[in-house]
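What follows is each chain in one-letter form.
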Amino acid sequence: MTGAANKRANRERFHASRGQDGVVKLPQKRFYRQRAHANPFSDHSLTYPESPAAMDWSKYYPSFVDDDAPEQQGQPRRMKKDVEVVDIGCGFGGLLVALAPMMPETLMLGLEIRTSVTEFVQDRIWALREQNSASKLYQNAACLRANSMKFLPNFFNKGQLSKIFICFPDPHFKVRKHKARIVSTTLNSEYAYALRPGGIMYTITDVEALHEWMVHHFKTHPSFERVAAEEEQEDECVKVMMMETEEGKKVERNKGQKFVALFRRLEDPPW
């Protein structure tokens, strides 16, 4: 059996894996490893809705389905709440897992382009839901495979989101690769579309040149202003973003620097 087949078999075995105490075990990263980055311009055979109205969120957040709403044939089930918090390129889900208990009534979503990593986060959340069935924690967190650079408006309505996180994105050091960076003038307009006025873009990286790039592109965009340092330091989400993501922990172990910048979505000017 090949290495990939072995990993698939172990992932499938995980779904029925319980300890001696009967508690569901968390998945192990070693069975979900793949390349650190994926080319966002490649055809990844992704599935995405035609529009936000066509997206069926019920399988991701079953506890938040509106059971009182009448079902309509061919239409997704109605939800009690909309997704409000998005982690773009969520990696192994450290931020989602840390934020979910802090905001249990807020639906949050991780978007990840890598297949195996997406499966890990989905399995991790499923296991955490099972482990915390009495308290019903982690019902508000989910992850799906998507290319945020291409299909963000397919999932979210205008002004739907209150927070977007971009944590330790691929720096794409070579100049010819800068077009693949997750922050750019064009993409910032899409973030502005999805964020409600007053909503916050959270960015963090350990690469100073990328930090300066992101600051420049958000500060020069008419829909954003940088959040003051005092307000940034008081934001509980910043502390989680710095300490709970897998990349954040790695930088901490290596005693590296972390560069943080927050940007507030401004009100649109009157027509």
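Residues numbered from 1 in each chain as written. Predicted model: local features only at pLDDT ≥ 70, side-chain atom pairs only at ≥ 80, totals over all residues. Heavy atoms only, no water.

**Here we look at the packing of helix α4 (residues 148–155) against helix α5 (residues 185–194)**
Here is step 1 of the chain: Interhelical geometry of α4 versus α5 gives an angle of 20 degrees and a closest axis separation of 10 Å. Comparing the axis directions of α4 and α5 gives the class roughly parallel. Considering the relative orientation of α4 and α5, their crossing is left-handed. Here S148, M149, L152 and P153 of α4 lie close against α5, whose contacting residues are L187, E190, Y191 and Y193.
Here is step 2 of the chain: Tallied by class, the residues present in the contact of α4 with α5 amount to 6 nonpolar, 1 polar and 1 charged. (Axes fitted to C-alpha atoms, helices over the stretch in contact; angles between N-to-C directions. Helix = DSSP H or I, 4+ residues; strand = E, 2+ residues; numbered from the N terminus. Parallel < 35°, antiparallel > 145°, perpendicular 65-115°, else oblique. Left-handed = near helix turned anticlockwise from the far one by under 90°. Contact = heavy atoms within 4.5 Å. Nonpolar A, V, L, I, M, F, W, Y, C, P; charged D, E, K, R; others polar.)

**Comments concerning the pattern of salt bridges**
Here is step 1 of the chain: Counting across every chain of the model gives 12 salt bridges.
Here is step 2 of the chain: Measuring nitrogen to oxygen at the nearest pair gives 3.2 Å for the salt bridge that ties R124 to E246. Of the two residues, R124 sits in helix α3 (residues 115–131) while E246 sits in helix α9 (residues 246–253), which places them 122 residues apart along the sequence.
Here is step 3 of the chain: Between K158 and D268 there is a salt bridge, with the nearest N and O atoms lying 3.6 Å from each other. Here the residue K158 occupies a position in the loop between α4 and β4 (161–167), and D268 occupies one in the segment after β7 (259–265), the gap between them amounting to 110 residues.
Here is step 4 of the chain: Using a relative accessible area of 51% as the deciding quantity, one classes K158 as exposed.
Here is step 5 of the chain: When salt bridges with common partners are traced through the structure, they connect D67, E71 and R77 into a single cluster. (Salt bridge = Lys/Arg side-chain N within 4 Å of Asp/Glu carboxyl O. Buried < 20%, exposed > 50% of the residue type's maximum accessible area, 1.4 Å probe, protein only.)

**Things to note about the packing of aromatic side chains**
For any pair of aromatic rings, geometry is given as the distance between the ring centres together with the angle between the planes.
Here is step 1 of the chain: With the rule as written, the count across this model stands at 9 aromatic pairs.
Here is step 2 of the chain: Above the face of the W213 ring, R181 is positioned so that its terminal group lies 4.6 Å from the ring centre. (Phe/Tyr/Trp six-rings, centres within 6.5 Å; stacked < 30°, edge-to-face > 60°. Lys NZ or Arg CZ within 6 Å of the ring centre and 35° of its normal.)

**Let's talk about the sheet that holds strand β3 (residues 141–145)**
Here is step 1 of the chain: On the basis of which strands lie adjacent, the open sheet formed by 7 strands has the order β3-β2-β1-β4-β5-β7-β6 and mixed pairing. Strands with a single pairing partner mark the edges of an open sheet, and in this sheet they are β3 and β6 (224–226). Neighbour to neighbour, the strand axes of the sheet diverge by 20 degrees on average, direction disregarded.
Here is step 2 of the chain: Two elements, strand β5 (residues 195–205) and β7, share 6 bridges in a ladder whose sense is antiparallel. By the bridge assignment, M201 is partnered in β7 with F263.
Here is step 3 of the chain: α5 rests against β1 (83–88), β4, β5, β6 and β7 of the sheet, and its axis sits at about 135 degrees to β5. (Pairing = 2+ DSSP bridges.)

**Here's the deal with the layout of surface pockets**
Here is step 1 of the chain: Put simply, the second largest pocket is a space of about 410 Å³.
Here is step 2 of the chain: Surrounding the second largest pocket, 22 residues form its lining, A53, P76, R77, R78 and M79 being those nearest its centre.
Here is step 3 of the chain: Counted by class, the lining of the second largest pocket contains 12 nonpolar, 4 polar and 6 charged residues. (1 Å grid on protein atoms, 1.4 Å probe; cavity = no way out; pocket = protein on both sides within 12 Å on 5 of 7 lines; lining within 4 Å. Points joined across faces, edges and corners; volume = space filled by probe spheres on them.)

**Observations concerning the nonpolar core**
Here is step 1 of the chain: Judged by nonpolar contacts, the single largest core of 41 residues is most densely connected at W57, Y61, F156 and Y191.
Here is step 2 of the chain: What Y191 contacts, discounting residues up to four positions off in sequence, is I88, L152, I164, I166, I182, M201, F218 and F224.
Here is step 3 of the chain: Within the second largest apolar cluster, 35 residues are counted, among which are A98, V117, V121 and V251. (Core = buried A, V, L, I, M, F, W, Y, C linked by side-chain atoms within 4.5 Å.)

**Looking at the UniProt feature "active site" (unreviewed entry) in the protein chain**
Here is step 1 of the chain: Here, the residues flagged by UniProt with the feature "active site" (unreviewed entry) are D170.
Here is step 2 of the chain: Mapped onto the elements of the fold, D170 is located in the loop between β4 and α5.
Here is step 3 of the chain: Its relative accessible area of 22% is what places D170 among the partly exposed residues. (UniProt positions renumbered as here; feature names shortened; annotations may be inferred.)

**A closer look at unusual backbone geometry**
Where the residue is not glycine, phi is negative for most of them; where a peptide bond is considered, it is trans in most cases.
Here is step 1 of the chain: The phi dihedral of F168 is positive, around 50 degrees, even though this residue is not glycine.
Here is step 2 of the chain: Note that F168 resides in the loop between β4 and α5.
Here is step 3 of the chain: F168 sits in the buried class, given a relative accessible area of 10%.
Here is step 4 of the chain: One non-glycine residue, H172, lies in positive phi territory at about 45 degrees.

**Thoughts on helix α6 (residues 208–219)**
Here is step 1 of the chain: Given a rise of 1.5 Å per residue, 12 residues ought to cover 16 Å, and the 16 Å separating the end C-alpha atoms of α6 matches this to within 8%.
Here is step 2 of the chain: Regarding α6, the residues found buried are L210, H211, M214, V215, H217 and F218.
Here is step 3 of the chain: Its buried side turned inward, α6 meets α5, β5, β6 and β7. (Expected span 1.5 Å × (residues − 1).)

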